[in-house]
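# Geometric and topological summary
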Amino acid sequence: MVLALLAHGINLVRHAVRDVGLDTKRSGKWPTIEKHFLEEHGECAACGSKIRLNVHHITPFHIDKAKELDVTNLVTLCMGMNECHLQIGHFDNWKLYNIEVV
């Protein structure tokens, strides 16, 4: 259990810094889109959790900037103990993405 908590803590740190160094900057409209999306989709699409929710881009915005604010390109995933955002959305590697996440 201690190792699992330690691994989870490390993954939370990795999550917090995953976009550092990317050349693509987020739109100034992103915080509003993210807030409204979470209001309408307030649980993890994979496990149903309502804690540590993230709005995940199905096609990453640094690959297709036009899809950054497209709500059809978004899904709510969590970074709670199940780590659905990392495990399902990114195959346990922030550099990868799961185009079939939905």
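In case you missed it, the structure is sitting above this.
Heads up: these notes are all about the structure in this document.

The rules we used
- Residues numbered from 1 in each chain as written.
- Predicted model: local features only at pLDDT ≥ 70, side-chain atom pairs only at ≥ 80, totals over all residues.
- Heavy atoms only, no water.
- Patch = residues over 30% accessible without salt bridge, like charges linked within 9 Å, V, L, I, M, F, W, Y side chains within 5 Å.
- Areas by Shrake-Rupley, 256 points an atom, 1.4 Å probe, with all protein chains shown as cover.
- Salt bridge = Lys/Arg side-chain N within 4 Å of Asp/Glu carboxyl O.
- Helix = DSSP H or I, 4+ residues; strand = E, 2+ residues; numbered from the N terminus.
- Buried < 20%, exposed > 50% of the residue type's maximum accessible area, 1.4 Å probe, protein only.
- Pairing = 2+ DSSP bridges.

### Thoughts on a nonpolar patch on the surface
A surface patch of nonpolar side chains, amounting to about 270 Å² of accessible area, comprises Ile63, Tyr97 and Ile99. When you line up the elements, Ile99 lands in the segment after α3 (84-87). Taking relative accessible area as the criterion, Ile99 reaches 48% and is therefore assigned partly exposed.

### Quick look at the pairing of strand β2 (residues 74-78)
In terms of burial, β2 is largely enclosed, as 5 of its 5 residues are buried. Of the two faces of β2, the one lined by Leu74, Thr76 and Cys78 and the one lined by Val75 and Leu77 are each fully buried. Where strand β1 (residues 53-57) meets β2, 5 bridges bridge the pair, whose relative direction is antiparallel. Paired with His56 across the bridge in β2 is Val75.

### Overview of the pattern of salt bridges
Under the definition given, this model contains 2 salt bridges. We note a salt bridge from Glu68 to Lys65, for which the minimum N-O separation is 2.9 Å.

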